[in-house]
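# Results of the structural survey
Next come the chains, spelled out residue by residue.
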Amino acid sequence: MPLNTFAATVAAVLKVGAHPVPSGLDPRDLGMAAWDVLDAVDGVGARAVVAVHLGGFIPHDFDLLLAGCRARGVAVIEDCAHALGAELGAVGSAGSRGDAGCFSFYPTKILTAGVGGILTTNHVRIAEGARRLRHHGGAANGGLAGVVGDDWLMSEITAGGARAQLRRLDDFLGRRRAVAAAYDVALANDARIEPIPRAPGTRSSFYKYPVLLRSADRGKVQRRLADRGIETGVLYDPPWTGHPAFQATLREAKAGGWWRGFGSWTDHGTLCRQLCLPMHAAVEVGDVPEIVGLLREAMAP
């Protein structure tokens, strides 16, 4: 899994008794570097890879990652919490290429039901297993529990809200892509700000619009923008390895010999330079010039 992902990705691995192993960053898109993931798979004998489509971006070399994992018999789970509607050209969309895809309907997401999410898969065994786990292991309505499950059902009211929004998904995505295109144009000639490039042949869902600041102090820029009413964010900095909840896991990993060093990116220099500009349902194309203008002012010495 990538170094910079939400705590829930790590927690899911720990809850099934597995060991989370972080991969290096691809500086092109802040996502997981395919070559480093495959090196980790070979080095620690991984059984599965959690491929996170960070910010709604399909990682560069995702096809290489998929092919490498399949050649090694390693499962690929796509974390699509940011990526509903992201496309991989003619070969499918986020959540359709791995063994399973996981989507979130959290309140901030592109499509929200307030809570919950969905799982997609082309494997009958995975689908049947998920159905058992989500409702007490199959023991509901007088059945026999084959596994220890839980009550992870989405209510009909919640599902109804999600389905109503699903009919508007193309509109939601179109609005975000139009805002992203406006940001691309507005930032094109500013050498101090580097938008994150999209992998060839893909279309982002633009859950986030991240950029890299080449030299400015990100914290100072964020404070100045906040003073002008512009809310910004970051994509998981510090990384999950810095969270107190996972320090025991890291100590166990190092003692057990399955920990990997982080090489030249130990200092997380790329993460420290990234900034997410406003991108949500209320942002319109007409807002972009003012946002970018204030960003440039905030970057002044």
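First, a word on scope: everything that follows refers to the structure included in this document.

## Some remarks on unusual backbone geometry
A cis amide bond links aspartate 237 to the next residue, proline 238, at an omega of 10°. A positive phi angle, close to 55°, is found at phenylalanine 206, a residue other than glycine. Residue classification places phenylalanine 206 among the buried positions, given a relative accessible area of 5%.

## Digging into helix α3 (residues 62–72)
All buried positions along α3 are accounted for by Phe62, Leu65, Leu66, Gly68 and Cys69. On an axial view of α3, the arc spanned by its buried residues comes to 170°, and they lie on one face. Those residues of α3 that are buried are in contact with α2 (34–44), β1 (48–52) and β2 (75–79). Positive phi appears at glycine 73, one or two residues downstream of α3, with a value of about 70°.

## Digging into the nonpolar core
Judged by nonpolar contacts, the single largest core of 39 residues is most densely connected at Tyr183, Leu187, Tyr209, Val211, Val221, Leu277 and Leu295. Counting only elements with at least two residues in this core, the list comes to α1 (7–15), β1, α6 (169–187), β6 (209–213), α7 (218–227), β7 (274–277) and α10 (288–298). Considering each element in turn, this core owes the most residues, six residues, to α10. Excluding anything up to four places from it in sequence, leucine 295 contacts Leu187, Ile193, Val221, Leu225, Leu275 and Leu277. Among the nonpolar cores identified, the runner-up in size contains 30 residues, and Cys69, Ala86, Leu111 and Phe172 belong to it.

## Remarks on the pattern of salt bridges
Evaluation of the coordinates by the stated rule reveals 12 salt bridges. Across the pair arginine 203 and glutamate 87 runs a salt bridge, and its minimum N-O distance is 3.7 Å. Within this pair, whereas arginine 203 is found in the loop between β5 (193–195) and β6, its partner glutamate 87 is found in the loop between β2 and β3 (100–104), the two being separated by 116 residues in sequence. Classification of arginine 203 by relative accessible area gives partly exposed; the value is 44%. The partner of aspartate 171 in a salt bridge is arginine 168, and the shortest N-O contact between them spans 3.8 Å. In this structure, a network of salt bridges that share partners links the residues Asp26, Arg28 and Asp61.

## As for the sheet that holds β6
Read from one edge to the other, the open sheet built from three strands follows the order β5-β6-β7, with strand pairing classed as antiparallel. The two strands at the open ends of the sheet, each matched to only one other strand, are β5 and β7. Each strand axis lies, on average, 35° off the axis of its neighbour in the sheet, ignoring direction. Judged from the three bridges that link them, β5 and β6 form a sheet pairing that is antiparallel.

## Topic: the environment of alanine 191
Within the secondary structure, alanine 191 is located in the loop between α6 and β5. In this structure the C-alpha to C-alpha distance between alanine 191 and aspartate 29, which are 162 residues apart in sequence, comes to 18 Å.

## Comments concerning the sheet that holds β3
Strand order in the open sheet made by the four strands is β1-β2-β3-β4, with mixed pairing throughout. Strands with a single pairing partner mark the edges of an open sheet, and in this sheet they are β1 and β4 (117–120). In this sheet, adjacent strand axes meet at a mean angle of 20° when their direction is disregarded. By the bridge criterion, five bridges tie β1 to β2 in an arrangement that is parallel. Looking at β2, one finds that valine 50 is bridged to isoleucine 77.

The rules we used
- Residues numbered from 1 in each chain as written.
- Predicted model: local features only at pLDDT ≥ 70, side-chain atom pairs only at ≥ 80, totals over all residues.
- Heavy atoms only, no water.
- Buried < 20%, exposed > 50% of the residue type's maximum accessible area, 1.4 Å probe, protein only.
- Helix = DSSP H or I, 4+ residues; strand = E, 2+ residues; numbered from the N terminus.
- Arc of directions from axis to C-beta.
- Contact = heavy atoms within 4.5 Å.
- Core = buried A, V, L, I, M, F, W, Y, C linked by side-chain atoms within 4.5 Å.
- Salt bridge = Lys/Arg side-chain N within 4 Å of Asp/Glu carboxyl O.
- Pairing = 2+ DSSP bridges.
- Axes fitted to C-alpha atoms, helices over the stretch in contact; angles between N-to-C directions.

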